[in-house]
Amino acid sequence: DSSSGTATVIVRFCTFVNTYANNTQIMRFTNTSGLDTLNFRNNILASKCDASMGTAGMLHCTTAAALTGITSDYNLFYLVNATGNNTATGNAVNYATLAAWQAATVHDDMSIEDNPDFTNLATGDLHISLTSMAAEGGVAIGGVTIDLDGLTRPDPPSIGAYEFIPEGFLSPDYVDPGMIDYDIGHYAFSTYETSTGVAPAPPTTSNWFSFQEDVN
């Protein structure tokens with residue numbers, strides 16, 4: 001928030017988990033000056049607040065100016081305990097669900113309300129799993145080309161800090177131009193073990209495989 005002058009805040013490709021038992025708020029935007037802007041896209045917001053303990057929503061625009069100053073979309077919202085808690089708040093009005101927030105505002109039309117299916121929330125492993133709706137659920141943003149692990153962001157990218165790549169499957173980081181058939185969409189990728197968290201060395205011919213994609 002900037003009470004005098006203009007502040008532009010950009011928050012994108014982040015994963016937020018609120019573990020407080022009595023508070024759902026994760027992102028709070030006030031816009032006291034009326035000149036601030038918040039660009040909030042491709043983020044995961046998950047709250048573990050106890051049932052009926054949260055007041056304001058996970059995304060909280062405290063004033064009318066905050067509602068007009070924010071651009072929010074392609075996010076994933078998840079209340080572990082949805083009973084009595086709110087997904088968003090705008091100018092003192094609480095919205096229990098994403099659908100209610102979408103209907104009342106111009107925000108988050110392409111956002112999702114679902115369990116992000118973290119690999120292991122209990123241990124703090126916030127990578128997303130095969131079943132996550134966050135996988136390839138975001139929108140490409142110029143200048144953001146890698147995730148927190150250094151993996152290349154495809155188009156469309158995944159929502160949150162980590163890109164989704166099936167363990168031991170394929171990574172778009174290394175592609176042999178000589179193995180691409182543009183007519184049938186035939187690509188070759190290197191295998192990548194996501195659990196290591198370390199990008200592999202450029203592959204040799206022996207550890208490449210290919211798959212065919214229908215481009216029609």
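Further up the page is the structure itself.
Below is a summary of the structure that appears in this document.

What counts and how
Residues numbered from 1 in each chain as written. Predicted model: local features only at pLDDT ≥ 70, side-chain atom pairs only at ≥ 80, totals over all residues. Heavy atoms only, no water. Helix = DSSP H or I, 4+ residues; strand = E, 2+ residues; numbered from the N terminus. Buried < 20%, exposed > 50% of the residue type's maximum accessible area, 1.4 Å probe, protein only. Contact = heavy atoms within 4.5 Å. Areas by Shrake-Rupley, 256 points an atom, 1.4 Å probe, with all protein chains shown as cover. Core = buried A, V, L, I, M, F, W, Y, C linked by side-chain atoms within 4.5 Å. Pairing = 2+ DSSP bridges. Axes fitted to C-alpha atoms, helices over the stretch in contact; angles between N-to-C directions. Salt bridge = Lys/Arg side-chain N within 4 Å of Asp/Glu carboxyl O. Phe/Tyr/Trp six-rings, centres within 6.5 Å; stacked < 30°, edge-to-face > 60°.

Within the protein chain, the secondary structure is distributed over 2 helices and 15 strands. Split into buried and exposed, the 216 residues of the protein chain put 38% on the buried side. Pairs at least 24 apart in sequence give 64% of the contacts found in the protein chain among residues at least 6 apart. Summed over all atoms, the accessible surface of the protein chain reaches about 10,800 Å², with 53% contributed by carbon and sulfur.

A separate point is the nonpolar core. By size, the foremost hydrophobic cluster in this structure holds 18 residues, and its most contacted members are M27, L38, F40, L59 and W101. For this core, the secondary structure elements donating two or more residues are β3 (27–29), β4 (37–41), β6 (59–61), α1 (64–69), β8 (76–79) and α2 (98–104). In terms of nonpolar packing, the next biggest core, distinct from the first, is built from 13 residues, A46, L76, L126 and I128 among them.

Turning to the sheet that holds strand β9 (residues 88–90), a few remarks are in order. Read across the sheet, 4 strands follow the order β3-β6-β9-β10 without closing on themselves; strand pairing throughout is mixed. The outermost strands of the open sheet, each flanked by one partner alone, are β3 and β10 (93–95). Each strand axis lies, on average, 10 degrees off the axis of its neighbour in the sheet, ignoring direction. Bridge analysis of β9 against β10 gives 3 bridges, and the strand direction is antiparallel. Across the sheet, T89 pairs through a bridge with N94, a residue of β10.

Let us look at the pattern of salt bridges. Note on pairing: side chains with opposite charge can pair once their charged atoms come close. Across all of its chains, the model carries 1 salt bridge by this definition. For E163, the salt bridge goes to R153, with nearest N and O atoms at 3.0 Å. Taken together, the positions of E163 in the loop between β13 (125–128) and β14 (186–190) and R153 in the loop between β13 and β14 put the pair 10 residues apart, joining distant regions of the chain. Its relative accessible area of 9% is what places R153 among the buried residues.

Across the junction of D155 and P156, the peptide omega takes the value 10 degrees, indicating a cis bond. Within the secondary structure, P156 sits in the loop between β13 and β14. The backbone phi angle of N42 is positive, close to 65 degrees, even though this residue is not glycine. Mapped onto the fold, N42 is located in the loop between β4 and β5 (44–47). Accessibility expressed as a relative area gives 0% for N42, which makes it buried. The phi dihedral of D117 falls on the positive side, at around 55 degrees, and the residue is not glycine. Here D117 is to be found in the loop between β11 (112–113) and β12 (118–120).

As enumerated under the stated definition, the model contains 2 aromatic pairs in all. For the pair F16 and F40, a centre-to-centre distance of 6.5 Å together with 25 degrees between the ring planes defines the contact as stacked. Placement of the pair is F16 in strand β2 (residues 15–18) and F40 in strand β4, with a sequence separation of 24 residues. Take F16: its relative accessible area is 22%, and that puts it in the partly exposed class. Residue F40 is classed as buried on the basis of its relative accessible area, which comes to 0%. Ring centres 5.6 Å apart and planes at 65 degrees place the aromatic pair Y95 and W101 in the edge-to-face group. An identical accessibility class is assigned to Y95 and W101; each is buried.

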